[in-house]
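If you want the building blocks of each chain, they are given just below.
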Amino acid sequence: MKKQLIFMLLVAASMTMNAKTLVAYFSATGVTKAAAEQIAAEQNADLWEIVPYEPYTAADLDWRNDQSRSSLEMKDPAERPMIKMCTDISSYDTIYLGFPIWWNTCPRIINSWIDNNDLTGKRVILFYTSGSSTIDGALNDLRTIYPQYKWEDGFRVAK
């Protein structure tokens with residue numbers, strides 16, 4: 001898996017030699033953070049963590065509990081959890097956007113970040129962490145909700 005990630009990063013890097021790159025990510029448990037740090041180091045990119053205004057607790061992340069915070073957020077496609085702050089992305093040409101797969105899509109906090117940033121004209125490369133899920137649901141949802149942006153297929157970083 002690591003060889004696949006390195007190959008994909010090298011291909012992406014060759015396409016963005018003079019571009020300014022940002023790795024923006026949300027990580028609930030630290031897995032996606034580790035992947036984001038690796039990508040940022042290999043791409044010589046800036047790193048930005050998407051931080052929820054109210055941190056998630058272990059109970060919030062219990063996907064087996066229908067009343068947990070994450071379960072309730074994911075049941076409502078219009079839900080947009082508050083984030084602490086945004087970064088100015090206007091100077092970036094390429095953005096790697098990373099997240100764990102939740103309920104076959106991206107966590108709603110990713111929508112919060114996108115809603116607060118203009119990705120027009122940016123190359124957006126998705127990366128995600130999952131034990132076995134694909135990016136298909138998240139990519140379809142993002143293309144449907146934000147058709148004005150150019151979404152690239154993305155790649156999985158195994159947990």
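What counts as what
- Residues numbered from 1 in each chain as written.
- Predicted model: local features only at pLDDT ≥ 70, side-chain atom pairs only at ≥ 80, totals over all residues.
- Heavy atoms only, no water.
- Buried < 20%, exposed > 50% of the residue type's maximum accessible area, 1.4 Å probe, protein only.
- Helix = DSSP H or I, 4+ residues; strand = E, 2+ residues; numbered from the N terminus.
- Pairing = 2+ DSSP bridges.
- Right-handed = clockwise from strand over helix to strand, strands pointing away.
- Salt bridge = Lys/Arg side-chain N within 4 Å of Asp/Glu carboxyl O.
- Phe/Tyr/Trp six-rings, centres within 6.5 Å; stacked < 30°, edge-to-face > 60°.
- Lys NZ or Arg CZ within 6 Å of the ring centre and 35° of its normal.

Novice: Please clarify how the pairing of strand S1 (residues 21-25) should be interpreted in this entry.
Specialist: Along a regular strand, successive side chains alternate from one face of the sheet to the other. Counting buried residues in S1 gives five out of five residues, a clear majority hidden from the surface. Covered by surrounding structure in S1 are Thr21, Val23 and Tyr25 together with Leu22 and Ala24, the residues of both alternating faces. Two elements, S1 and strand S3 (residues 94-100), share five bridges in a ladder whose sense is parallel. Its bridge partner being in S3, Leu22 is matched across the sheet by Ile95. Following the chain from S1 across helix H2 (residues 31-43) to the adjacent parallel strand S2 (residues 46-49), one finds a crossover that is right-handed.

Novice: When you look at the pattern of salt bridges in this model, what are you seeing that I'm missing?
Specialist: Charged atoms that come close allow side chains of opposite charge to pair. Applying the stated criterion across every chain yields a total of seven salt bridges. Where Glu54 meets Arg69, a salt bridge forms, and the shortest distance between an N and an O atom there is 3.9 Å. Taken together, the residues span a long stretch of sequence, with Glu54 in the loop between S2 and helix H3 (69-75) and Arg69 in helix H3 at a distance of 15 residues. Arg69 is the salt-bridge partner of Asp60, the closest N and O atoms lying 3.5 Å from each other. A single network of salt bridges, built from pairs that share partners, joins Glu54, Asp60, Arg69 and Glu73.

Novice: Please explain the packing of aromatic side chains as it appears in this structure.
Specialist: To describe a pair of aromatic rings, one takes the distance between the centres and the angle between the planes. Under the defined criterion, the tally for this structure stands at eight aromatic pairs. Each ring, one from Tyr56 and one from Trp102, has its centre 5.7 Å from the other, and the planes form 90°; the classification is edge-to-face. Note that Tyr56 is positioned in the loop between S2 and H3 and Trp102 in the loop between S3 and helix H4 (108-115), a separation of 46 residues in sequence. One exposure class covers both Tyr56 and Trp102, and it is buried. Measuring from ring centre to ring centre gives 6.2 Å for Trp102 and Trp103, while their planes differ by 75°; the resulting arrangement is edge-to-face. Taking the relative accessible area as the measure of exposure, Trp102 reaches 10% and is therefore buried. What makes Trp103 partly exposed here is its relative accessible area of 42%. Ring-pair connections join several aromatic residues into one group, and the members of that group are Phe26, Tyr56, Trp102 and Trp103. Note that Lys20 overlies the ring of Tyr92, its terminal NZ or CZ placed 4.8 Å from the centroid.

Geometric values such as these leave the question of function open.
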